[in-house]
Amino acid sequence: MAHSHLAAARQRLTPAMRGVLDRIDRAGHPPMHTLEPDQARAAYEAGAGVLDVPLAPLDRVEDLSVPTRDGQTLRARLFSPSATPGLPVLLYLHGGGFTVGSVATHEALCRQLAALAGCAVVSVDYRLAPQWKFPTAVHDAWDSLQWLHRSAPGLGLDATRLAVGGDSAGGTLSLVTALTARDAGLPLALQLLFYPGCAGHQDTGSHRAFAQGFLLEKAHIDYFFGHYLRTPADRDDWRFAPLDGVDADGNAPELEGVAPVWMGLAECDPLTDECIAMADRLRMAGVAVDLEIYHGMVHGFIQFGRAIPQALDAHRHAAQALRQAFQTP
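Our subject in this report is the structure included herewith.

Conventions adopted
Residues numbered from 1 in each chain as written. Predicted model: local features only at pLDDT ≥ 70, side-chain atom pairs only at ≥ 80, totals over all residues. Heavy atoms only, no water. Salt bridge = Lys/Arg side-chain N within 4 Å of Asp/Glu carboxyl O. Helix = DSSP H or I, 4+ residues; strand = E, 2+ residues; numbered from the N terminus. Buried < 20%, exposed > 50% of the residue type's maximum accessible area, 1.4 Å probe, protein only. Contact = heavy atoms within 4.5 Å. Core = buried A, V, L, I, M, F, W, Y, C linked by side-chain atoms within 4.5 Å. Axes fitted to C-alpha atoms, helices over the stretch in contact; angles between N-to-C directions. Parallel < 35°, antiparallel > 145°, perpendicular 65-115°, else oblique. Left-handed = near helix turned anticlockwise from the far one by under 90°. Nonpolar A, V, L, I, M, F, W, Y, C, P; charged D, E, K, R; others polar. Expected span 1.5 Å × (residues − 1). Arc of directions from axis to C-beta. Pairing = 2+ DSSP bridges.

Describing the pattern of salt bridges
Taken as a whole, this structure holds 17 salt bridges when the rule is applied. Among the ionic pairs, arginine 41 bridges to aspartate 38, the shortest N-O distance being 2.9 Å. Here arginine 41 pairs with aspartate 38, and both are found in helix 3 (residues 37-47), just 3 residues apart, close to one helical turn. The class of arginine 41 is buried, set by a relative accessible area of 16%. Put simply, arginine 161 and aspartate 158 hold a salt bridge, and the shortest N to O gap is 2.9 Å. Among the ionic contacts, a cluster of salt bridges with common partners joins Asp63, Arg77, Glu107 and Arg111.

Some points on the side chain of glutamate 107
One can find glutamate 107 in helix 4 (residues 107-117). Leaving out residues up to four positions away in the same chain, glutamate 107 has contacts with Leu55, Arg77 and Phe79.

Some points on unusual backbone geometry
In this structure, proline 130 follows alanine 129 across a cis peptide bond, with omega equal to 0°. Note on placement: proline 130 falls in the loop between strand 4 (120-124) and helix 5 (136-151). Proline 135 follows phenylalanine 134 through a cis peptide bond whose omega is 5°. Mapped onto the fold, proline 135 is located in the loop between strand 4 and helix 5. Positive phi is not limited to glycine here, since phenylalanine 98 has a value of about 65°. Looking at the secondary structure, you find phenylalanine 98 in the loop between strand 3 (87-93) and helix 4.

Describing the nonpolar core
Counting residues in each nonpolar core, the largest one holds 116 residues, and the members touching the most others are Met17, Tyr228 and Phe301. Not counting the four nearest positions on each side in its chain, phenylalanine 301 is found in contact with Met17, Tyr195, Leu265, Ala266, Tyr294, Gln310, Ala311 and Ala314.

Topic: the packing of helix 4 against helix 10 (residues 309-326)
Remark: helix 4 packs on helix 10, axes separated minimally by 9 Å, with the N-to-C direction vectors making an angle of 50°. Comparing the axis directions of helix 4 and helix 10 gives the class oblique. Judged by the sense of rotation from one axis to the other, the crossing of helix 4 with helix 10 is right-handed. Between helix 4 and helix 10, the residues in contact are Leu109, Gln112, Leu113, Ala115, Leu116 and Ala117 and Leu312, His315, Arg316, Ala318, Ala319, Leu322 and Arg323, respectively. Across the contact of helix 4 with helix 10, the residue classes break down as 9 nonpolar, 2 polar and 2 charged.

Describing helix 2 (residues 15-27)
Structurally, the α-helix is built with 3.6 residues per turn, so residues lying three or four positions apart point the same way. Helix length check: helix 2 (13 residues) gives 18 Å between terminal C-alpha atoms against 18 Å at 1.5 Å per residue, within 8%. Looking only at helix 2, the buried set comprises Met17, Val20 and Leu21. For helix 2, the arc enclosing every buried residue in end-on projection is 95°, short of the 170-degree limit, so these residues lie on one face. Exposed positions of helix 2 whose direction lies more than 90 degrees from the buried face are Pro15 and Arg26. Where helix 2 ends, the next residue or the one after it, glycine 28, has phi of about 70°, a positive value.

Quick look at helix 4
In terms of burial, helix 4 is a largely internal element, 9 of the 11 residues being buried. Listed in full, the buried residues belonging to helix 4 are Glu107, Ala108, Leu109, Cys110, Arg111, Gln112, Leu113, Ala114 and Ala117. Of the surrounding elements, those touching the buried residues of helix 4 are strand 1 (60-67), strand 2 (73-80), strand 3, strand 4, strand 6 (190-194) and helix 10.

Observations concerning the sheet that holds strand 7 (residues 261-268)
If you trace the 8 strands from one edge of the open sheet to the other, you get 1-2-4-3-5-6-7-8, paired in mixed fashion. Strands with a single pairing partner mark the edges of an open sheet, and in this sheet they are strand 1 and strand 8 (289-298). Ignoring which end each strand starts from, the neighbouring axes of this sheet average 20° apart. One ladder, built from 7 bridges, connects strand 7 with strand 8; its direction is parallel. Along strand 8, the bridge assignment pairs cysteine 268 with valine 298.

Written out as structure tokens, the structure reads:
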């Protein structure tokens, strides 16, 4: 029965997406959840560019250092299509389950967004689990945004046109950072979210339908969260679960007044139902939400641009959302 359910679910994939998953299966690499975190990071780094678009040439690429509240320094990289001063800027927080991923694994995507949107992108290496558990990544993301807001003029960027964005775990961090920015009175033009993690418990219909055989599997999610979270109670913290988590007083975060959202989802992704629920909650709170669901896609597809045309569509749609938010021609 389970096999027929899986076969039926896989029929929803586009032929190209099915072909990519079949090629990944045939490659025979050990599943990430069977590896030690250092091995998992190395494997993710090694595979990151295989299906991604070529690196877009840009006029300006600079390595930066971002100070944190506890005296550490994060590596970051600035990508800009032009050396002309005054460009708006997107802070980008990469995906990887809070455990893998880096500026390097998401460089092609960040270059693409900079080139298509005509804005600067600053991508940050926030600290990863299990060496750094929740909420370190949350703190690093907010510290990075505050630093970027302060430092933008010195970097020749426009501090009044600032956005935050990310994919998967980076999308979770973006949502939380945008809420923190609202509370601090730091205005953002946009939240750019590719399939963000939103919920503390993986119990929706999409989690059941796509638990196995669609790249991001239940075993991977359990692996990532097992490394990232300190205790099961962290699942109910809004800084991990902006959809259904609460603060120390047991209150869910108010969403009113947070920055507008562009959200790009994959149809065949365990996270899709919680993302749609998050979009609905934001809309109910009066937040403008532009939601795109890419049919027949799996989690992670935006980095498959060499093989998957929908990835290129998503890049263009995201860039258009940035242009509109930043009011760039």
